[in-house]
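Report on the structure
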Amino acid sequence: MPASADLIVLRAAGVGLALDATGTGLPRVLHWGADLGEDALDLLAAAQPVYPNQPLGAPLLPTQADRWAGQPALAGHRDGTYPHLRLLRTEPVAAMVDPAGGGTVTVHATDEAAGVRLRTEIELGAQGVLRMRHAVTSTDAGTYTVDGLLCLLPVPADAVEVLDFTGRWSRERVPQRTAFGHQAVAHESRRGRTGFDAPPFFAAGTAAFGFRHGQVWGVHVGWSGDHTQLAQRTVDGDGVLGGGELLGAGEIRLGDGETYTTPWVYFCHSPSGLDGLSDAMHAWLRARDTHPRTPRPVTLNTWEAVYFDHDLTRLTALARTAAELGVERFVLDDGWFLGRRDDTAGLGDWHVDPTVWPDGLHPLVDEVRRLGLQFGLWVEPEMINPDSDLARAHPDWYLATPDRLPANWRHQQVLDLARPEVWAHLLQRLDALVTEYRPDYLKWDHNRDLVEAVHDGTAGVHAQTAAAYRLLDALRARHPHLEIESCSSGGARVDLGILSRTDRVWASDNNDPLERQHIQRWTALLLPPELMGSHVGPPVSHTNGRAANLSFRCLTALFGHAGIEWDITGCTEDERAQLSAWIGAYRRLRGLLHSGRTVRADHPDPSAHLYGIVSTGGEHAVFAYAQLTASAYEGTTRLRLPGLDPLARYRVGLVPELPVPRIWAQDWSPQVTLTGAALAGHGLAAPLLRPADGFVLELHRVG
Ligand code: DGJ
């Protein structure tokens, strides 16, 4: 249904957006946040400007022309002239309001004199996720250079804190909080990939907002190259929140008729904490046509089991043991291609190494399939080792200034994917591999930052990222049933740009469950568990040398797309029995785990995590309690389980397939029936556990 041309109100899932499209300029954003209800138009009509002649609301594309003194949403120039644009609409704002919730808005504007056209698209999905992107086109001779183009939305003065993230290899997505006053808080990433530190959501909120309380506004930039997220408030008025791609000097130079389009920038609002952001985003992701719909198979990945020691007999034994335990997918990791005996050589030579695999991968693949498992294969297409046949044949294929090779990183360089012949070569090689071996799944890795990335003489991260996306799209178009995982030295490429062409992410190379508890908690802020790979590693973590018991490793890996990354041929009988029971639990519960709502308690004891998944109808739930460090409490804190139906009664017990926790040499096995209100309000008494221990409760509605 088309909306009123002057005042546009979109509403969905408790979120409202109101735009004032009167006048000749770009629409102004009167409101983004909680749904203002049926009275939205009256409320907005009653609003008064602070100063006479000052328009209400915030500009859709704030620049100096709007008296915006903060970072401009659009920065650019035409060969040094027109550093400031004045954009006037060329046609009425097109708005479609969906009766089921949400809708779309499209705006066209131009600065005739500067020779620049703008198109802005806004979508509010039925789940409450708003996404926006701009496109600028040069309409004149000469060159219009885009220095930056951001998507920004207003946030009110109530937002006084920013949740940002830092992180590194093996410790991705570490939260950090900053006061949000009259200044800019920005998170900029110039690594040519999303980054270990990239915020799943960059969020501004009311004081001390938590998982279940406080009003929160969150933004996520769906882009796998350089990018920025920022919150900014000037003394003149309300603040803005948003982000976009970070462009290199001269990276986007538009000739007449050429267009630059920003990535989609995603915005979520929650009246009650960070869980509301996840709720909206998980529901939005699950509603996509491309969202994986088949049960997420239990995966055995060979990396921490054998590393580069590829041997048919050993790998076949691994696959057989995996099948006996109930594993459903076998993934052959790094080490299978020409010259790849360690990480110093071979990248680029995507042919099976005949010295290790004289009959190709067929004997292994055939056995894997005979065992009833799916087959997956590791690749790292964007990279090249200088020690490879490809590098020797094409020394000019590097992403670099000619004769100025960037520093090696893990002994490797980056291929210039935006060169058509490089791109075509990679597509041909990947296509040939997929055609020959018919893998169900590729683990697509990317193990270095892009530094001094130059394509065709100019800054090259944008072109590289776009070319990588095109490569993934082309391969998927040829092989529609192929699933792809986004891996980048663990979790350095987790964003909604890559996720619109992949089926899961590898959250981290760290399989130590204590570290994983944190990494997964924050990865799951953005992604539902079915998109997040999570494996049971060996008893002593290979990344940090810490030992952890099997039940805690299993508990931790349950809350994702579960798998194993461990040489299970050497497991004891007891370990095999535990693994097989855990796989049974995962397979029984994955329907719930991969469709329910993720809830996290604001547990008062910082030594533990308490979180769960509640089915959308509230009839079934699981909750994990993970003791991370020794508690400072001598007694116990209450386990208050959020997100249940307050009026329903729930039978509470332990997940039967998983080990019973022991306290002072006694089993602890609660069996109670309580209402959702009692479980959320009074809660259960928690047992006093050792660090790196925990349990999983299962709840069934009984009335
Ligand atoms: C980095 C990944 O994160 C690991 O899981 C593994 O695939 C290695 N690369 C292989 O080189």
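Along each chain, residues carry numbers from 1 onward, in the same order as the chain's sequence is written. Per-residue local features of the predicted model are confined to residues with pLDDT of at least 70, and side-chain atom pairs are confined, for both listing and counting, to 80 or more; whole-chain, interface and lining totals are unaffected and use all residues. With hydrogens and water stripped out, all remaining heavy atoms of the structure feed into the side-chain values.

**Remarks on the overall build of the protein**
For helices the rule is a DSSP run of H or I covering at least 4 residues; for strands it is a run of E covering at least 2, with both sets numbered from the N terminus onward. Tallying secondary structure elements over the protein gives 12 helices and 43 strands in all. Put simply, the radius of gyration uses C-alpha atoms, and a globule should come to 2.2 Å times the residue count raised to 0.38. The C-alpha radius of gyration of the protein comes to 26 Å, within 12% of the 27 Å expected for a compact globule of 703 residues. For the protein, the spread of C-alpha atoms along the three principal axes comes to 80 × 70 × 45 Å. Under the scheme applied here, a residue whose accessible area is under 20% of the maximum for its type counts as buried, over 50% as exposed, and between as partly exposed, the area being computed with a 1.4 Å probe on protein chains only. Here the protein holds 703 residues, and the buried ones make up 60% of them. The contact criterion used throughout is that any non-hydrogen atoms of two residues lie within 4.5 Å. By sequence separation, contacts in the protein at least 24 residues apart represent 70% of the contacts at least 6 residues apart.

**Some points on the packing of helix α7 (residues 420-437) against helix α8 (residues 461-478)**
With axes taken as lines fitted to C-alpha atoms, and helix axes fitted only over the stretch in contact, angles between N-to-C directions fall between 0 and 180 degrees. Running from amino to carboxyl end, α7 crosses α8 at an angle of 35°, the nearest separation of the two axes being 10 Å. Our pair here, α7 against α8, has a crossing hand that is right-handed. Along the contact surface, α7 presents W423, L426, L427, L430 and D431, while α8 presents A467, R470, L471, A474, L475 and R478. Classification convention: Asp, Glu, Lys, Arg as charged; Ala, Val, Leu, Ile, Met, Phe, Trp, Tyr, Cys, Pro as nonpolar; all other residues, Gly among them, as polar. Tallied by class, residues from the contact of α7 with α8 come to 8 nonpolar, no polar and 3 charged. By convention, the crossing between two helices is left-handed when the near helix turns anticlockwise from the far helix through less than a right angle, and right-handed when the turn is clockwise.

**What about the environment of L254?**
Mapped onto the secondary structure, L254 falls in strand β19 (residues 252-254). Look at L254 and you get buried, because its relative accessible area is 4%. Taking the C-alpha atoms as reference, L254 lies 7.3 Å from T137; in sequence the two are 117 residues apart.

**Re the site of the ligand**
Inspection of the region around the ligand gives 13 residues, with D333, D334, K443, D445 and D509 positioned closest. What qualifies as a polar contact is a pair of N or O atoms within 3.5 Å, subject to a donor-acceptor requirement within protein and to the restriction that residues adjacent in sequence count only when both atoms come from side chains. Between the ligand and D445, the relevant distance is 2.7 Å, taken from a nitrogen atom to a side-chain nitrogen or oxygen of the residue. Within the side chain of N447, an N or O atom sits 3.4 Å from a nitrogen atom of the ligand. For accessible areas, the Shrake-Rupley method is used with a probe of radius 1.4 Å. Any residue's cover is judged against the shown protein chains and nothing else. Relative to its unbound accessible area of 290 Å², the ligand is 98% covered by the protein chains. Of the residues belonging to the shell around the ligand, the class tally is 4 nonpolar, 3 polar and 6 charged. Whether a residue is near a molecule or strand is decided by its heavy atoms; if any one of them lies within 4 Å of it, the residue is near.

**What to know about α8**
Here α8 contains 18 residues, and its C-alpha end-to-end distance of 26 Å stays within 8% of the 26 Å for a straight helix at 1.5 Å per residue. When α8 is considered as a whole, its buried residues turn out to be V461, H462, Q464, T465, A467, A468, Y469, L471, L472, A474, L475 and R476. One fewer than the residue count of a helix, multiplied by 1.5 Å, yields its expected span.

**Section: the domain arrangement of the protein**
Domain parsing of the protein yields domain 1 (7-286), domain 2 (299-380 + 420-444 + 474-594) and domain 3 (598-702). Segmentation into domains, and thus their bounds, comes from an automatic or database assignment. Relative to domain 3, the C-alpha centre of domain 1 lies at a distance of 39 Å. Facing 8 residues of domain 1, the contacting portion of domain 3 comprises 7 residues. Note: buried area is the sum, over both parts, of the accessible area (probe 1.4 Å) each one loses when the two are combined. Roughly 610 Å² is buried in total at the junction of domain 1 and domain 3, and carbon and sulfur atoms are behind 40% of that figure. A per-residue breakdown of the area domain 1 buries against domain 3 is headed by F211, R212 and D275, which together make up 66% of the total. A pair is scored as a salt bridge if a Lys or Arg side-chain nitrogen falls within 4 Å of a carboxyl oxygen belonging to Asp or Glu. Taken together, domain 1 and domain 3 are joined by 1 salt bridge. With a closest N to O distance of 2.8 Å, R600 and D275 form a salt bridge. The tally of links from domain 1 across to domain 3 stands at 4 residue pairs in polar contact (both at pLDDT 80 or more). Of the residues contributing to the side of domain 1 that touches domain 3, the split by class is 2 nonpolar, 4 polar and 2 charged.

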